[in-house]
Amino acid sequence: MTVETIPAWQSLVGGALIGTGAAALRLFNGEIAGISGIVDSILHRTAGDQAWRVAFVAGLLLPVAVLGSGPVNWQARPAALAVAGILVGYGTRLGSGCTSGHGVCGIANLSLRSLTATVTFVGVAAITVAVCRWLGGQ
Amino acid sequence: MTAVVALIAGLLFGIGLLLSGMTNPANVVAFLDVTGVWRPSLAYTMAGAVVVALPAFTLIRRRGRSLRGRPIRPIDRTRMDSPLLLGSAMFGIGWGLSGICPGPALILLTTGDPRAWVFFAGLVLGMLLPRRLAPTR
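Below you will find a few notes about this structure.

Definitions and limits used
Residues numbered from 1 in each chain as written. Chains lettered and ligands numbered in written order. Predicted model: local features only at pLDDT ≥ 70, side-chain atom pairs only at ≥ 80, totals over all residues. Heavy atoms only, no water. Buried < 20%, exposed > 50% of the residue type's maximum accessible area, 1.4 Å probe, protein only. Helix = DSSP H or I, 4+ residues; strand = E, 2+ residues; numbered from the N terminus. Phe/Tyr/Trp six-rings, centres within 6.5 Å; stacked < 30°, edge-to-face > 60°. Axes fitted to C-alpha atoms, helices over the stretch in contact; angles between N-to-C directions. Parallel < 35°, antiparallel > 145°, perpendicular 65-115°, else oblique. Left-handed = near helix turned anticlockwise from the far one by under 90°. Contact = heavy atoms within 4.5 Å. Nonpolar A, V, L, I, M, F, W, Y, C, P; charged D, E, K, R; others polar. Expected span 1.5 Å × (residues − 1). Bend = angle between axes of the 7 residues up to and from the residue. Buried area = accessible area lost by both parts, 1.4 Å probe. Salt bridge = Lys/Arg side-chain N within 4 Å of Asp/Glu carboxyl O. Polar contact = N/O pair within 3.5 Å; in protein donor to acceptor, adjacent residues only side chain to side chain.

## Describing unusual backbone geometry
Trans is the prevailing form of peptide bonds, just as negative phi is the prevailing case for residues other than glycine.
Residues and elements named next belong to chain A.
At step 1: Positioned with a positive phi, Ser96 is a non-glycine residue whose angle comes to about 60°.
At step 2: Taking the relative accessible area as the measure of exposure, Ser96 reaches 32% and is therefore partly exposed.
At step 3: Of note in this structure, Leu110 is not a glycine but carries a positive phi near 55°.
At step 4: Note that Leu110 resides in the loop between helix H5 (99-108) and helix H6 (112-135).

Take a look at the structure:
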């Protein structure tokens, strides 16, 4: 498996930028930068203002459109990616959030509910990787 | 104005995800791979984000409205229920299999790689499936 070594400062600064974006949306708009919720609201045309959600997604995509994505090492075959996508889409809506909504915003809001969700999805994901590794005989 | 704030917030979020390397599924799986060559990058990224966001979230929670006076929707911070746990567990399986969560899923679409569209199509389908267990929203 190809793994980049990312300096700690780079992860921390990247994280701080993510946190600044989440803080700005909360401070000025009172909204949560939860990406699964934003995508779901756009898909379901939830009542209320959709323009900010579309603007957020546009902002999210602009840096990669200008700078490029850097290396991308896919970890699963297309069939597994399709199944994983369905689980991520269904699971994040059933659980009311993903890495951004629960993991960043919820924990920053000192939410026990979000902390529980985050511990659950990180734990289950780690078990999933371990099981895949074991099944793959690596 | 609301859309301008959201655009800037999205920009910061997108730059942060790229800089932290969390748009590469291998870097995410390297964090989750506790029985292999474990890498802490995702933990540093999340810690950096939470530390910066914490004061802003605390301030708004106490004010009850945004700095521009917009009311905030109430958020339940304590309720534990089966949809929360079951949904988070399902998300965990999908995240572990792929190394991709919703933000990177959007960003990876720009690579034009068909695998990004396969994952995203699954994600959209998963979101559009009827939710018997989910709270109505």
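Still more to cover.
## Brief notes about the packing of aromatic side chains
At step 1: All chains considered together, the criterion is met by six aromatic pairs over all chains.
At step 2: Chaining the aromatic ring pairs together yields one cluster made of Phe121(A), Phe91(B) and Trp95(B).

## What to know about the packing of helix H1 (residues 8-29) of chain A against helix H3 (residues 41-63) of chain B
At step 1: It is at 7 Å that the axes of H1(A) and H3(B) come closest, and there the two elements cross at 25°. Considering the angle they form, H1(A) stands roughly parallel to H3(B). Between H1(A) and H3(B) the crossing geometry is right-handed. On the side of H1(A), the interface is formed by Ala8(A), Ser11(A), Leu12(A), Gly15(A), Ala16(A), Ile18(A), Gly19(A), Thr20(A), Ala22(A), Ala23(A), Arg26(A) and Leu27(A), while H3(B) contributes Ser41(B), Tyr44(B), Thr45(B), Gly48(B), Ala49(B), Val52(B), Ala53(B), Ala56(B), Phe57(B), Leu59(B) and Ile60(B).
At step 2: In terms of residue class, the contact of H1(A) with H3(B) is made up of 15 nonpolar, seven polar and one charged.

## Brief notes about the packing of helix H4 (residues 78-94) of chain A against helix H6 (residues 114-128) of chain B
At step 1: It is at 6 Å that the axes of H4(A) and H6(B) come closest, and there the two elements cross at 35°. With respect to the hand of their crossing, H4(A) and H6(B) are arranged in right-handed fashion. Of the residues in H6(B), those touching H4(A) at Pro78(A), Leu81(A), Ala82(A), Ala84(A), Gly85(A), Ile86(A), Val88(A), Gly89(A), Tyr90(A), Thr92(A) and Arg93(A) are Arg115(B), Val118(B), Phe119(B), Gly122(B), Leu123(B), Leu125(B), Gly126(B) and Met127(B).
At step 2: Class assignment of the residues belonging to the contact of H4(A) with H6(B) gives a composition of twelve nonpolar, five polar and two charged.

## Quick look at helix H3 (residues 51-67) of chain A
At step 1: If you check H3(A), its first and last C-alpha atoms are 25 Å apart, about what 17 residues at 1.5 Å a residue would give, namely 24 Å.
At step 2: Of all the bends in H3(A), the largest measures some 25° and sits at Leu61(A), one to four residues before the proline Pro63(A).
At step 3: For H3(A), the elements touching its buried residues are H1 and helix H2 (35-44) of chain A together with helix H1 (2-20) and helix H5 (102-108) of chain B.
At step 4: Positive phi appears at Gly68(A), one or two residues downstream of H3(A), with a value of about 85°.

## With respect to the interface of chain B and chain A
At step 1: Taken together, the contact pairs 106 residues of chain B with 105 residues of chain A.
At step 2: When residues of chain B are sorted by the area they lose upon contact with chain A, Phe13(B), Phe57(B) and Met127(B) head the list and together hold 8% of the total.
At step 3: Our count for the contact surface shared by chain B and chain A stands at four salt bridges.
At step 4: Note that Glu31(A) and Arg73(B) form a salt bridge whose closest N and O atoms lie 2.6 Å from each other.
At step 5: Run the count over chain B and chain A and you get 28 residue pairs in polar contact (both at pLDDT 80 or more).
At step 6: Elements supplying a minimum of two residues to the side of chain B that touches chain A: H1, helix H2 (25-32), H3, helix H4 (82-98), H5 and H6 of chain B.
At step 7: With 17 residues, the single largest contributor to the side of chain B that touches chain A is H1(B).
At step 8: Residue classes in the side of chain B that touches chain A are distributed as 63 nonpolar, 28 polar and 15 charged.

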